Amino acid sequence: MKKLLPFLSICMLFLHCTQAPEAPKLDVEKEKAAIQAVIAKETESYYKQDFEAWKSTYLQSPAFRKFGYWEGFPEKITCIIGFDSLATEKKKQFDANETLWKGSTEERSNEHFRITQDMAWYTFEQNSYEKDTRKFLGKSLETRILEKENGAWKIAYLGYHYYPFEEEK
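Residues numbered from 1 in each chain as written. Predicted model: local features only at pLDDT ≥ 70, side-chain atom pairs only at ≥ 80, totals over all residues. Heavy atoms only, no water.

The next point concerns unusual backbone geometry. Phi angles above zero are rare outside glycine, and Gln49 is one such case at about 55°. In this structure, Gln49 sits in the loop between helix H2 (28-48) and helix H3 (51-55). Backbone geometry at Lys76 places phi at a positive 65°, although glycine is not the residue there. Given the relative accessible area of 35%, Lys76 is considered partly exposed. (Helix = DSSP H or I, 4+ residues; strand = E, 2+ residues; numbered from the N terminus. Buried < 20%, exposed > 50% of the residue type's maximum accessible area, 1.4 Å probe, protein only.)

Set out below in structure tokens:
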């Protein structure tokens, strides 16, 4: 027994040293609000064509991705790999004052969050309306994947899939 005691003590010490430190407690509601604020800022700065404010909401990295579908685009499906490609496209669009649905309003529903310390994904349905007339512009299924960079949430993936236009009868 006396010989077994030092062995057990070493084993216990080893197990204690190999356990990962406990992660700080995540305030999910606070993180949800921060994520929603980033999405709102991205949308608002897009419609205002404020390039620097818009850009500040994104992970400015080659890892960024954007995939979307909308019948209103000639190509229907869009795909952008890397933030530099997105920034070039948006800068050109803003400079030419070609922002789609400028000043529209969005209503989000069926929101779902998955949040960890440094990464989150957020899915929702979105209805878009003309600002003044409330004319329905479209409904989409949206996905955002965000990463924390220096403590702030940034959009790392932007996905949208608009429902097809309803045929006129």
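Next comes the rest of the write-up.
As a further point, take H2. Helix length check: H2 (21 residues) gives 30 Å between terminal C-alpha atoms against 30 Å at 1.5 Å per residue, within 8%. Three or more residues of H2 are buried, namely Glu31, Ile35, Val38, Ile39, Glu42, Thr43, Ser45, Tyr46 and Tyr47. As for H2, its buried residues are in contact with H3, helix H4 (83-95), strand S3 (105-115), strand S4 (119-129), strand S5 (136-149) and strand S6 (152-162). (Expected span 1.5 Å × (residues − 1). Contact = heavy atoms within 4.5 Å.)

The next thing to look at is the pattern of salt bridges. Following the criterion strictly, the structure yields ten salt bridges and no others. Taking the shortest distance from any N to any O, the salt bridge between Glu125 and Lys139 comes out at 2.9 Å. With Glu125 in strand S4 and Lys139 in strand S5, this residue pair connects regions lying 14 residues apart in the sequence. Among the residues examined, Lys139 registers a relative accessible area of 29% and is labelled partly exposed. Taken together, the shared-partner salt bridges in this structure form one network comprising Lys66, Glu89 and Lys90. (Salt bridge = Lys/Arg side-chain N within 4 Å of Asp/Glu carboxyl O.)

Attention shifts here to the side chain of Thr78. Here Thr78 is to be found in strand S2 (residues 77-81). Engagement of the side chain of Thr78 in a polar contact is seen with the side chain of Tyr160, the distance being 3.0 Å. Not counting residues up to four positions away in its chain, the partners in contact with Thr78 are Lys66, Phe67, Gly68, Phe73 and Tyr160. (Polar contact = N/O pair within 3.5 Å; in protein donor to acceptor, adjacent residues only side chain to side chain.)

What follows deals with H4. Counted at 1.5 Å a residue, the expected span for H4 with its 13 residues is 18 Å, and the 18 Å between its end C-alpha atoms agrees. Those residues of H4 that fall on the buried side of the exposure criterion are Phe83, Leu86, Ala87, Lys90, Gln93 and Phe94. The arc that holds every buried residue of H4, seen down its axis, measures 135°, which confines them to one face. Turned more than 90 degrees away from the buried face of H4 sit Asp84, Thr88, Lys92 and Asp95, all of them exposed. Looking at the buried positions of H4, the neighbouring elements they touch are H2, H3, strand S1 (65-69) and S2. Asn97 lies just past H4 and shows a positive phi near 55°. (Arc of directions from axis to C-beta.)

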